[in-house]
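Now for the letters of each chain:
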Amino acid sequence: DIGHPHRAFGAVPVAEAFYSMTQSGFGIGSIAAAINHKLRLILPTHFFCAACLLEWDPAGRRITVWNGGMPDGLIVRPQEGLLRPLPSRHLPLSLLNEEQFDASTETIEVQNGDRLFLYSDGLIEARNAAGEMFGRDRLERQILHPERSPVSLCERIHEELTRFCGGEPAHDDI
């Protein structure tokens, strides 16, 4: 559905469900299930929404994750490097009916200073003229480079991606 004119058709209903449910105190598993239900009602059958929903509890120093169809996120502890991936354990939203849908979440302990990185598959699947993908290893090298500031991380990744692709057009969202 890349380049399809109705690509963002589900954005408003997703935002409405997300904000109303978070204000009412629902957990992310329930929110994911509600968004899934809403998208199944309004989207054509071949449309879906990859999503990673996170709930951060700073007092308990943990995050709760529901990842459906997004690449594995990354948690990095600057002094230790890559701490762990945040794996995608679910299918994207709108593909499964209510009985099939899995709203289970994963809770992960974090510490002050940990960094969380989420990105779309368009980044790691971007290709250069030789057909080689940018890949997760290249992304992780940018994230883990020790003397670089987190303020310029997106800019550094963009520069590396631009250099790597050498002018090849993007074939997906990045």
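Residues numbered from 1 in each chain as written. Predicted model: local features only at pLDDT ≥ 70, side-chain atom pairs only at ≥ 80, totals over all residues. Heavy atoms only, no water.

Participant: Would you mind showing me how to read the state of the cysteines here?
Facilitator: Joining two cysteines, a disulfide is a covalent bond between their sulfur atoms. Taken as a whole, this structure holds zero disulfides when the rule is applied. Cys49 takes part in no disulfide bond, and the closest cysteine sulfur to it belongs to Cys52, at a distance of 11 Å. (Disulfide = S-S within 2.5 Å.)

Participant: Please clarify how the layout of surface pockets should be interpreted in this entry.
Facilitator: If a probe as big as a water molecule is rolled over the atoms, it shows which places are left empty. The calculated volume of the second largest pocket comes to roughly 260 Å³. Along its surface, the second largest pocket is lined by 13 residues, and Leu118, Tyr119, Leu123, Cys154 and Ile157 are the ones closest to its centre. For the lining of the second largest pocket, the secondary-structure elements that each account for two or more residues are helix H4 (135–144) and helix H5 (153–165). Per-element accounting of the lining of the second largest pocket gives the leading share, five residues, to H5. Per-class residue counts for the lining of the second largest pocket are 11 nonpolar, two polar and no charged. (1 Å grid on protein atoms, 1.4 Å probe; cavity = no way out; pocket = protein on both sides within 12 Å on 5 of 7 lines; lining within 4 Å. Points joined across faces, edges and corners; volume = space filled by probe spheres on them. Helix = DSSP H or I, 4+ residues; strand = E, 2+ residues; numbered from the N terminus. Nonpolar A, V, L, I, M, F, W, Y, C, P; charged D, E, K, R; others polar.)

Participant: Just checking my understanding: could you explain the packing of aromatic side chains for this structure?
Facilitator: Summed over all chains, the structure comprises three aromatic pairs. Ring plane angle 80 degrees and centroid distance 5.3 Å describe the contact between Phe18 and Tyr19, whose orientation is recorded as edge-to-face. Given the relative accessible area of 52%, Tyr19 is considered exposed. When the ring of Trp66 is compared with that of Phe101, the centres are 5.6 Å apart and the planes differ by 25 degrees; the resulting orientation is stacked. One end of the pair, Trp66, is in strand E2 (residues 62–68); the other, Phe101, is in the loop between strand E4 (81–86) and strand E5 (106–109), and 35 residues separate them in sequence. Overall, Trp66 belongs to the buried group, its relative accessible area being 0%. (Phe/Tyr/Trp six-rings, centres within 6.5 Å; stacked < 30°, edge-to-face > 60°. Buried < 20%, exposed > 50% of the residue type's maximum accessible area, 1.4 Å probe, protein only.)

Honestly, it's all geometry; don't read function into it.
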